[in-house]
Amino acid sequence: MTKRSKSNKASNQPHRKCSWMGMKDDTLDEETQEAFLSESGTTVVSPKMGENEGGGGGGGGSPSGELFVMRPTLNVAQRNQNYHFDPGHTPGLKEAIQTKLAKSCNFSRGCLTSAITARVPVLSWLPAYNFREHFIGDLIAGVTIAIMHIPQGMGFALLSNIPPVNGIYMGFFPVLIYALLGTSRHCSMGSFAVTCLMTGKVVRDLATPASALVDGAIASNATMAATTYTPVQVATIVSFMVGVWELIMGLLQLGSLSVFLSEMLVSGFTTGAAFHVMTSQVKYLFGLKIKGHSGPFKIIYTYRDIIHQILNSNLAAVIGSAITIFILCINNEVIKPRLQKKTSIPIPIELIVVILGTVASYFGNLNENYDLLIVGDIPTGLPQPEIPPFELIPKVVVDAFVITIVAYTVSYSMAKIFAKKHNYEVDAAQELYSQSASNVFGAFFGCGPIAASLARSLIQEAVGGVTQMTTVISCALLLLVLLFVGPAFETLPNCVLSSVIVVALKGMFMQVNDLRRVWAISRSDALIWLASFLAVVLIDIDFGLLIGVVVSLFVLLYRGQKPSTAILGSVPNTDIYLDINKYSAAAEVPSVSIFHFNGPLHFANSEYFRTQLFSMTGLDPIAIISKKKALEKQQAKSDLIIDPSKENGVRGSTEKIPEEFEEKPNDLNDKHAVLAVPEVKWLVLDMSRISYLDSTGGKVIAQLGKEYNDAGIVLVLASVSESVLDSLEKCGTLKTISAEQIFHTIHDAVTVLTVLDNENNCTKL
């Protein structure tokens, strides 16, 4: 049993004794080692060297580094009174709205300047730009990223089922707006494989087939009553709606929505999407003509068609793909790691293979001689702005929302990683606004939705990019390409672009290692990864994301529904209480049972809470009341006097009642039908880990208080946080369980209850 200190004269309450190890007494002077009494009634004593140690020897006494703290035990009512509790002012709805409006409508010069620069960040970072320190790094990074935009943009445009030149547009028009409004200094915005693939699905479903187009215009057919749309028109309305969704999320302050998409969900989702990206490029790698599939199991159907037509592969496409992939892999696996030891500037290998492929196709006339599919016409100059077909909004609104979630989650997560690494802040709401403006602006110039590219962003940081000036330089170089260089890539084979895309997917495929890593840590997280991955691969990208979110919510709910529980015991001569099943030094306190619940208490786990409480403590109030009535009948019929010492015998013991006196619980197999009346008089609920409690949880605790009171056991709460205590008060629980039954800590409760038990005053506090 834990040693308790006696009450002192300054307070009629028992005192609590605590100790902290690790303070050396030889560092304390005589004055410090003396006891002192603070205003709160807390006494601190540091024992002198040699005391209780048998003359300074080694054994027997308290360790030389102990610090003893004695203070009055506290329940909540005493704590509030002694330490002047002030709950503070809680404003009503009207007052809260007025306060918010007053803060938002402050038209002082400083407030207006701050508001404008917060929404147009270029006004803050450009005037303060340090050309001497940052320009060289930004210049090198800008040139590097511009070079990467050309092959990646053209390749990812194929995923969107739009002309390759539109991929370069996506690296210029919307990205320039992001440079002015975005807060991330290192994210490379533009074409991204996953969002381009999702856009391509919408384009394939709504755009007019190529056979219906004549000389670049939509064929007019008298039998064709429905309006038809080009792939670019469908892609632009998707981009416009993505921008609208991002604007709505920004206005609703939903910038932190990405927290609902866990790391494992995003990893499994993007890995599954990588399989879709690779599958969509296989036909270009082999030069096959395969019709597209949609709906569940489309990957399986696609590979079935590939296997059936594999013998019809275009030999020139196969050779070109093999050579391109070989060159890229040799660079990435052999040359690049060695070159990184000498310089951070990478070899623009993607641009090199694009140029080589274009030259080979031009001089070999591969399109005419070997029927090799090439990029085709690339217009010179900038496109004329064109209004997206707004009548398609109802058909793309759902797909656009899914693309919005994916694009923003990937971009914002990447922005946070770089911001944390380089010690600056990114504004979640401003990221939504900047991406919204970028997508809406790009929609008028033939662009699809944009997002941050992991590969380009990592290279941008690695080669020395410091500020958004990198993006401005990249856009300037892409402008030169669009104005003068574009037509030079007209003979570029599609198989070369597809090879660039497939090799770039390696990083996404390597995310499979996340599953192996997390499997050993958390099987539930591994389940989220597997569910997201399999749903994306087997069903479809948008359904896969939905299933991943649902599985994540179920896992989260399951974790909160069945938290761990324990019966705590006291470590002798300390204020430490530990799980008696895990710590042999911890022993249960006589007359007191301490139940620990390690999680929030709400409607979903309230029944689990009751079941665990009854099961682990053995204190079912209904069974106890039933047993007491049976004993009373036994006493009345046998005219015996029940010995209280036997009635409150050994914890958990069972005394068989004569069968004729035993109550039958209506043929229910109740394991508590025959019980000894327990020795426990106090049941302490350790609420230190209950961070949240709803109205159902409050009602459960109030009901338990009544039931245990009828059974002759007093329910006591300990270590209740202020927020949970406030919830208990609002739920009306404190009408059943008074503030005197709620203690500051478990040790406060046990100390008071032990003293009361010793004084034989066990009926009430």
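Quick note: structure is the one above.
No experiment lies behind these values; they were computed from the predicted model shown.

**Comments concerning the overall build of the chain**
- Scanning the chain for helices and strands turns up 30 helices and 14 strands.
- Within the chain, the proportion of its 765 residues that are buried is 48%.
- Restricting the contact set of the chain to residue pairs at least 6 apart, pairs at least 24 apart contribute 80%.
- About 38,800 Å² of surface is accessible on the chain, with carbon and sulfur atoms providing 60% of the total.

**Some thoughts on a nonpolar patch on the surface**
- Taken together, the side chains of Leu315, Ile319, Ile323, Phe326, Ile327, Ile330, Val334, Ile335, Ile347, Ile352 and Leu356 make up a nonpolar region of the molecular surface, amounting to roughly 930 Å² of accessible area.
- Among the elements of the structure, helix H13 (315-340) and helix H14 (349-364) are those that each provide at least two residues to the nonpolar patch.
- By the secondary structure assignment, leucine 356 is in helix H14.

**Observations regarding the packing of helix H16 (residues 393-422) against helix H18 (residues 454-462)**
- Closest axis-to-axis distance for the H16/H18 pair is 11 Å, and the angle between their directions is 15°. In terms of axis orientation, H16 runs roughly parallel to H18. For the crossing formed where H16 meets H18, the hand is right-handed. Between H16 and H18, the residues in contact are Met414, Phe418, Lys421 and His422 and Leu454, Ser457, Leu458 and Glu461, respectively.

**Some points on the pairing of strand S9 (residues 565-570)**
- Counting buried residues along S9, six of its six residues qualify, which places the element largely inside the surrounding structure.
- Pairing analysis gives three bridges linking S9 to strand S10 (residues 577-579), with the strands arranged antiparallel. Across the sheet, the residue bridging to glycine 569 is leucine 578, located in S10.
- The antiparallel hairpin formed by S9 and S10 contains six residues in its connecting segment, where asparagine 573 sits at a positive phi of about 65°.

**A closer look at the packing of aromatic side chains**
- Within the structure shown, the criterion is met by 20 aromatic pairs.
- Residues phenylalanine 597 and phenylalanine 609 carry aromatic rings whose centres are separated by 5.0 Å and whose planes lie at 85° to one another, so their mutual orientation is edge-to-face. Here the residue phenylalanine 597 occupies a position in strand S11 (residues 592-597), and phenylalanine 609 occupies one in helix H25 (residues 606-617), the gap between them amounting to twelve residues.
- Residue phenylalanine 597 is classed as buried on the basis of its relative accessible area of 1%.
- Geometry around tyrosine 424 places arginine 185 over its ring, the cationic atom sitting 4.3 Å from the centre.

**Observations regarding the packing of helix H8 (residues 173-181) against helix H17 (residues 428-443)**
- Closest axis-to-axis distance for the H8/H17 pair is 8 Å, and the angle between their directions is 150°. For the element pair H8 / H17, the angle class is roughly antiparallel. The crossing of H8 and H17 is right-handed. Listed contacts from H17 to Phe173, Pro174, Ile177, Tyr178 and Leu181 of H8 are Gln430, Glu431, Ser434, Gln435, Ala437, Ser438, Phe441 and Gly442.

**Describing the side chain of threonine 271**
- Of note, threonine 271 is situated in helix H11 (residues 263-286).
- Leave out the neighbours within four places in its chain, and threonine 271 touches Met508, Gln511, Val512, Trp529 and Phe533.

**Digging into the sheet that holds S9**
- Taking strand neighbours across the sheet as the criterion, the six strands line up as S10-S9-S11-S12-S13-S14 in an open arrangement whose pairing is mixed. A single partner strand is all that each edge strand has here, and the edge strands are S10 and strand S14 (742-743).
- Where S9 and S11 come together, four bridges link them in antiparallel fashion. Following the sheet pairing, alanine 566 is matched in S11 by histidine 596.
- The sheet strands contacting H25 are S9, S11 and strand S12 (682-686), and the helix crosses S11 at an angle near 145°.
- Along the sheet face, helix H30 (residues 746-758) touches S9, S10, S11, S12, strand S13 (714-718) and S14 and points at about 175° away from the line of S12.

**Let's talk about H16**
- Along H16, the sharpest change in direction is near 30° and occurs at aspartate 399.
- Following H16 by one or two positions, asparagine 423 adopts a phi angle in the positive range, close to 60°.

**Some details on the nonpolar core**
- Residues Ile150, Met154, Val194, Met198 and Phe269 are the most contacted members of the largest nonpolar core, which totals 102 residues.
- It is H16 that provides the largest number of residues to this core, a total of 14 residues.
- Residues in contact with isoleucine 150, not counting those within four places in the same chain, are Ile168, Leu351, Leu478, Val481 and Phe489.
- Counting residues in hydrophobic clusters, the runner-up holds 31 residues, among them Met687, Ile690, Ala711 and Ile713.

**Some words on the environment of threonine 270**
- Within the secondary structure, threonine 270 sits in helix H11.
- Once you skip the residues sitting within four places of it in the chain, threonine 270 turns out to touch Met508 and Gln511.
- A distance of 2.8 Å separates a polar atom in the side chain of threonine 270 from the backbone oxygen of valine 266.

**What to know about the pattern of salt bridges**
- Per the stated rule, a full pass over the model turns up eleven salt bridges.
- Here glutamate 707 ties to arginine 610 by a salt bridge, and the two come within 3.4 Å at their closest N and O atoms. On the criterion of sequence distance, the pair formed by glutamate 707 in helix H28 (residues 695-710) and arginine 610 in helix H25 is long-range, its members being 97 residues apart. The same class applies to glutamate 707 and to arginine 610, which are both buried.
- Linked through salt bridges whose partners overlap, the residues forming this network are Lys201, Asp205 and Asp399.

**Section: helix H12 (residues 298-309)**
- Spanning twelve residues, H12 covers 17 Å between terminal C-alpha atoms, matching the ideal 16 Å at 1.5 Å per step.
- Among the residues making up H12, those that are buried are Lys298, Ile299, Thr302, Asp305 and Ile306. In a view along the axis of H12, the buried residues occupy a sector of 125°, so they form one face of it. In H12, the exposed residues that point more than 90 degrees away from the buried face are Ile307 and His308.
- On its buried side, H12 packs onto helix H9 (193-206), H11 and helix H23 (523-538).

Definitions and limits used
- Residues numbered from 1 in each chain as written.
- Predicted model: local features only at pLDDT ≥ 70, side-chain atom pairs only at ≥ 80, totals over all residues.
- Heavy atoms only, no water.
- Helix = DSSP H or I, 4+ residues; strand = E, 2+ residues; numbered from the N terminus.
- Buried < 20%, exposed > 50% of the residue type's maximum accessible area, 1.4 Å probe, protein only.
- Contact = heavy atoms within 4.5 Å.
- Areas by Shrake-Rupley, 256 points an atom, 1.4 Å probe, with all protein chains shown as cover.
- Patch = residues over 30% accessible without salt bridge, like charges linked within 9 Å, V, L, I, M, F, W, Y side chains within 5 Å.
- Salt bridge = Lys/Arg side-chain N within 4 Å of Asp/Glu carboxyl O.
- Axes fitted to C-alpha atoms, helices over the stretch in contact; angles between N-to-C directions.
- Parallel < 35°, antiparallel > 145°, perpendicular 65-115°, else oblique.
- Left-handed = near helix turned anticlockwise from the far one by under 90°.
- Pairing = 2+ DSSP bridges.
- Phe/Tyr/Trp six-rings, centres within 6.5 Å; stacked < 30°, edge-to-face > 60°.
- Lys NZ or Arg CZ within 6 Å of the ring centre and 35° of its normal.
- Bend = angle between axes of the 7 residues up to and from the residue.
- Core = buried A, V, L, I, M, F, W, Y, C linked by side-chain atoms within 4.5 Å.
- Polar contact = N/O pair within 3.5 Å; in protein donor to acceptor, adjacent residues only side chain to side chain.
- Expected span 1.5 Å × (residues − 1).
- Arc of directions from axis to C-beta.

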